[in-house]
Amino acid sequence: MTKSSEETAPAKSAPEPAAEQPGDVRRMTRRGWTLVVSGSLFLVFVLLGSVVPVPFVAISPGPTYDTLGRDAAGNPVIQVTGHETHPTTGELRMTTVSLHDGVTLFQGLGFWASGRYALAPREEYFKPGETSEQVKQENIQQLQDSQTNAQVAALRKLGYPIKVLAKQIVSGSPADHVLSPGDRLITVNGKKIVEAADVRAALAGTLPGQTVQITFQSDGQPERTVPLTLAARQDRKEGFIGLTAVDRADAPFTVNISLQDVGGPSAGLMFTLAIIDRLRPGDLAGGRHIAGTGEITETGEVDPIGGISFKVVGAREAGATDFLVPAHNCAEAKTTAPEGLNLIKVSTLDDALTQLDNLKAGRPTASC
């Protein structure tokens with residue numbers, strides 16, 4: 001059978017569309033992969049920038065607290081039991097710095113752009129492997145130490161006697177198992193102990209292996225005198241007892257400081273002034289809004305602190321017109337002090353009291 005013409009002759013129909021060339025396929029594939037990879041990298045960047053912390057902390061002005069006022073629970077910041085207190089006017093305001101840890105990349109950029117925060121390497125505030133909780137506990141301990149120093153400095157200034165106590169006993173040292181923390185030190189090597197520094201001074205010229213007499217008193221017990229054979233220590237030539245001594249006020253009343261959610265040592269000066277203002281007639285602030293900062297020693301020296309550039313800003317925002325600045329912080333404080341804030345340089349508790357008297361009398365103050 002002969003095939004029909006439809007089967008033997010080419011059909012006269014519309015031409016088929018041209019096939020896609022191999023080069024076009026490669027271009028589409030490359031473009032697609034580029035979009036996929038770029039999109040994935042962008043998503044990863046957004047995720048990391050939003051969630052993963054960077055090795056920086058953000059610092060900003062923190063809250064301020066009037067040491068002549070009350071804490072968040074409504075209790076007086078300075079509480080005196082067993083002694084008359086005196087009315088005060090104005091404010092003696094302590095200042096703080098807020099530290100923000102766990103900052104992500106995007107948060108850090110936002111903090112930096114705001115102009116209110118500064119970014120600093122985390123290692124400047126945290127030891128390697130140290131957690132935020134550990135730093136918090138250290139700051140609480142520093143606050144407690146500053147409160148104790150403030151009490152001693154204030155009561156010493158007010159004329160109350162000082163006693164010297166053993167604070168820590170070094171394990172395995174000559175004092176171990178002989179003295180206990182809290183024991184009162186009376187004499188060391190025949191020399192009367194009036195302040196903590198006298199303990200080290202009493203051992204000047206001694207040698208390891210030498211025996212000295214130490215007189216002390218445990219709580220509620222009569223005085224005891226015992227011999228101690230001095231040990232050696234690499235950081236000193238004289239003999240070593242093995243205890244840390246601290247000054248404590250020997251007053252017939254108690255002073256407590258109530259303040260929560262604050263840490264660090266820098267409120268010491270303002271605590272000291274508030275204690276004096278409560279116990280002594282005269283009204284230190286004289287109705288003025290005074291702020292300040294500075295670590296205080298048991299003998300009344302005012303030591304420098306960190307974060308002064310943020311503290312002066314926080315103080316002015318809280319309404320302070322005058323700010324007590326540790327002398328070594330003056331140069332930095334001047335660079336960021338807000339308009340209308342009078343910076344007053346102090347090196348000791350006596351300096352601070354003199355300058356507050358000058359303010360009340362309208363006399364010039366020592367400026368930074």
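Overview of the structure. (Residues numbered from 1 in each chain as written. Predicted model: local features only at pLDDT ≥ 70, side-chain atom pairs only at ≥ 80, totals over all residues. Heavy atoms only, no water.)

## Brief notes about the environment of Arg200
At step 1: The residue Arg200 is located in helix α5 (residues 197-202) in this model.
At step 2: Once the C-alpha coordinates of Arg200 and Val188 are considered, the two residues, 12 residues apart in sequence, prove to be 9.1 Å apart.
At step 3: Beyond its immediate stretch of four places on either side in the chain, Arg200 contacts Arg236 and Glu238. (Helix = DSSP H or I, 4+ residues; strand = E, 2+ residues; numbered from the N terminus. Contact = heavy atoms within 4.5 Å.)

## Quick look at the pairing of strand β9 (residues 224-229)
At step 1: In the sheet, strand β8 (residues 211-217) pairs with β9 via 6 bridges, with the strands oriented antiparallel. Residue Ile214 lies in a different strand from β9, and its bridge partner there is Val226.
At step 2: In sequence, β8 turns back onto β9 through a hairpin of 6 residues, with Gly220 there showing a positive phi of about 75 degrees. (Pairing = 2+ DSSP bridges.)

## What about the sheet that holds strand β1 (residues 56-66)?
At step 1: Pairing is mixed in the open sheet, where 6 strands are placed in the order β4-β1-β3-β14-β17-β18. On the outer flanks of this sheet lie β4 (118-121) and β18 (342-346), each paired with one strand and no other. Sheet twist, expressed as the average angle between the axes of neighbouring strands with direction ignored, equals 35 degrees.
At step 2: The sheet contact formed by strand β17 (residues 322-326) and β18 spans 5 bridges and is parallel. The residue of β18 that forms the bridge with Pro326 is Val346.
At step 3: With respect to the sheet, helix α6 (residues 268-279) is in contact with β3 (91-100), β14 (289-292), β17 and β18, its orientation differing from that of β3 by roughly 155 degrees.
At step 4: Most of the contacts of helix α9 (residues 349-361) go to β18, to which it runs at about 145 degrees, and overall it touches β14, β17 and β18. (Axes fitted to C-alpha atoms, helices over the stretch in contact; angles between N-to-C directions.)

## Some points on the state of the cysteines
At step 1: In total, this model carries 1 disulfide according to the counting rule given.
At step 2: Shown here is the disulfide that connects Cys330 with Cys368, its sulfur atoms set 2.0 Å apart. Measuring handedness by torsion sign, the sulfur bridge of Cys330 and Cys368 sits at about -55 degrees and is left-handed. Here Cys330 is found in helix α8 (residues 330-336), whereas its partner Cys368 is found in the segment after α9, with 38 residues between them in sequence.
At step 3: Exposure remark for Cys368: the relative accessible area of 23% places this residue in the partly exposed category. (Disulfide = S-S within 2.5 Å. Buried < 20%, exposed > 50% of the residue type's maximum accessible area, 1.4 Å probe, protein only.)

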